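If you want the building blocks of each chain, they are given just below.
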Amino acid sequence: MIKKINNLSPNELEEIIQIWLTANGEAHPFIPASYWRDNLDFVREQLPQATLYVYHEKNKIIAFLGMNEQYISGIFVKRPYRSQGIGQKLLNTVKNNHERLTLSVYAKNQKAVKFYMNQGFKQLNEQLDNTGELEYHLVWEK
């Protein structure tokens with residue numbers, strides 16, 4: 001079940017933080033794990049300000065999509081639930097409420113690049129992020 005969270009509880013925040021930390025480490029082995037740990041405090045501060053869509057199963061958060069206006073900060077799914085269409089369901093939920101969406105994805109994260117391209121996103125440009133890794137800036141429009 002997908003739910004938009006307007007007021008994040010402390011428990012929900014911690015569940016989401018753990019999903020964020022684990023999923024980033026697994027999806028981006030080319031970035032040192034310390035980078036994600038070093039950014040935990042910043043993410044913990046920013047998450048309550050984001051628009052969050054969470055996927056629940058048995059009262060546990062197993063995935064979430066974070067947004068800032070039309071920018072998708074990321075889709076994060078716990079490992080046992082990946083490749084089951086949950087990310088696509090979260091993405092479709094926000095597509096139904098927006099005319100245009102943007103996001104950035106690391107070029108080396110080919111699984112994510114392929115996923116977004118299959119969902120109708122197009123590459124606008126590319127740049128190096130603050131880790132020195134190449135990322136693509138993608139856009140989707142109705």
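For the structure itself, look to the data block above.
Read on for a plain summary of the structure. (Residues numbered from 1 in each chain as written. Predicted model: local features only at pLDDT ≥ 70, side-chain atom pairs only at ≥ 80, totals over all residues. Heavy atoms only, no water.)

### Some words on the sheet that holds strand E4 (residues 71-77)
Point 1. Overall, mixed pairing links the seven strands, which are arranged E1-E2-E3-E4-E5-E7-E6 in an open sheet. The open sheet is flanked by strand E1 (2-5) and strand E6 (122-128), the only strands paired with a single partner. Along the sheet, successive strands turn relative to each other by an average axial angle of 30°, direction set aside.
Point 2. Here strand E3 (residues 60-68) pairs with E4 via six bridges, running antiparallel. Following the sheet pairing, Met67 is matched in E4 by Ile72.
Point 3. Each of E1, strand E2 (51-57), E3 and E4 is contacted by helix H1 (residues 10-27), which is oriented at about 80° to E3, the strand it contacts most. (Pairing = 2+ DSSP bridges. Helix = DSSP H or I, 4+ residues; strand = E, 2+ residues; numbered from the N terminus. Axes fitted to C-alpha atoms, helices over the stretch in contact; angles between N-to-C directions. Contact = heavy atoms within 4.5 Å.)

### Here we look at helix H5 (residues 110-118)
Point 1. Ala112, Val113 and Tyr116 are the residues of H5 that are buried. Across the axial projection of H5, the buried residues extend over an arc of 100°, all falling on one side. Exposed positions of H5 whose direction lies more than 90 degrees from the buried face are Lys111, Lys114 and Asn118.
Point 2. Buried residues along H5 sit against E4, helix H4 (86-95), strand E5 (100-106) and strand E7 (134-141).
Point 3. Positive backbone phi, approximately 95°, marks Gly120, located one or two places after H5. (Buried < 20%, exposed > 50% of the residue type's maximum accessible area, 1.4 Å probe, protein only. Arc of directions from axis to C-beta.)

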